[in-house]
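The residues making up each chain are set out below.
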Amino acid sequence: MPVGIIIGTHGEAARELLKSAEMIIGTQENVAFITFVPGENTDTLITKFNEKLEEIDTAEGVIFMVDLFGGSPYNAASQIALPADQMDVVTGVNIPMLLETLSMRAATGFSEFVDIAINAGSGGVRSLKQSLPKNEDTEEDEL
């Protein structure tokens, strides 16, 4: 079984991120999500994360993908992951991060997997105009 992934966000974003990723690459196994809603706290989230850990295969490790560094989902996941081997928390979860990690899970080890998640997540943040090739000839002709 590939590395397990648990997505945790404020509100319903985790559910929707997974649904969006699966719309693009198909249904995924060994992936779960939790939501964080008003009235809940870190203890509630720890319970939710632990329930999901019981549902997935953790033999190859688990990555918690959360929305905000220092947010409640991060704090709860950190309390679980910090003392455990083969568990880590990656912040800034987005669709590019999910697509890349879901696609690469079977082909990579745990430590590489964390790097893939970080690189894919940050690499997915781009500007249209900054990504266009610069044409220096056109700029000089306009002067």
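Preceding this section is the structure that the text describes.
Every value quoted in this text rests on a predicted model; they were computed, and no experiment measured them.

### What to know about the sheet that holds strand β4 (residues 87–91)
Argument step 1. Taken in spatial order, the 4 strands of this open sheet run β2-β1-β3-β4, and their pairing is parallel. Each edge of the open sheet is held by one strand with a lone partner, namely β2 (31–36) and β4. Within the sheet, the average angular offset between the axes of one strand and its neighbour, ignoring direction, is 20°.
Argument step 2. Bridge analysis of strand β1 (residues 4–10) against strand β3 (residues 62–66) gives 5 bridges, and the strand direction is parallel. The residue of β3 that forms the bridge with Gly 8 is Val 66.

### Some thoughts on the packing of helix α2 (residues 42–55) against helix α3 (residues 72–81)
A pair of packed helices is captured by two measures, namely the crossing angle of their axes and the spacing between those axes.
Argument step 1. Axis separation between α2 and α3 bottoms out at 9 Å; the angle between their running directions is 55°. Relative to α3, the element α2 lies oblique. When the axes of α2 and α3 are compared, the crossing they make is right-handed. Within the contact between the two elements, α2 uses Thr 42, Leu 45, Ile 46, Phe 49, Asn 50 and Leu 53 and α3 uses Ser 72, Pro 73, Asn 75, Ala 76, Ala 77, Gln 79 and Ile 80.
Argument step 2. A class-by-class count of the residues in the contact of α2 with α3 yields 8 nonpolar, 5 polar and no charged.

Thresholds, definitions, all that
Residues numbered from 1 in each chain as written. Predicted model: local features only at pLDDT ≥ 70, side-chain atom pairs only at ≥ 80, totals over all residues. Heavy atoms only, no water. Pairing = 2+ DSSP bridges. Helix = DSSP H or I, 4+ residues; strand = E, 2+ residues; numbered from the N terminus. Axes fitted to C-alpha atoms, helices over the stretch in contact; angles between N-to-C directions. Parallel < 35°, antiparallel > 145°, perpendicular 65-115°, else oblique. Left-handed = near helix turned anticlockwise from the far one by under 90°. Contact = heavy atoms within 4.5 Å. Nonpolar A, V, L, I, M, F, W, Y, C, P; charged D, E, K, R; others polar.

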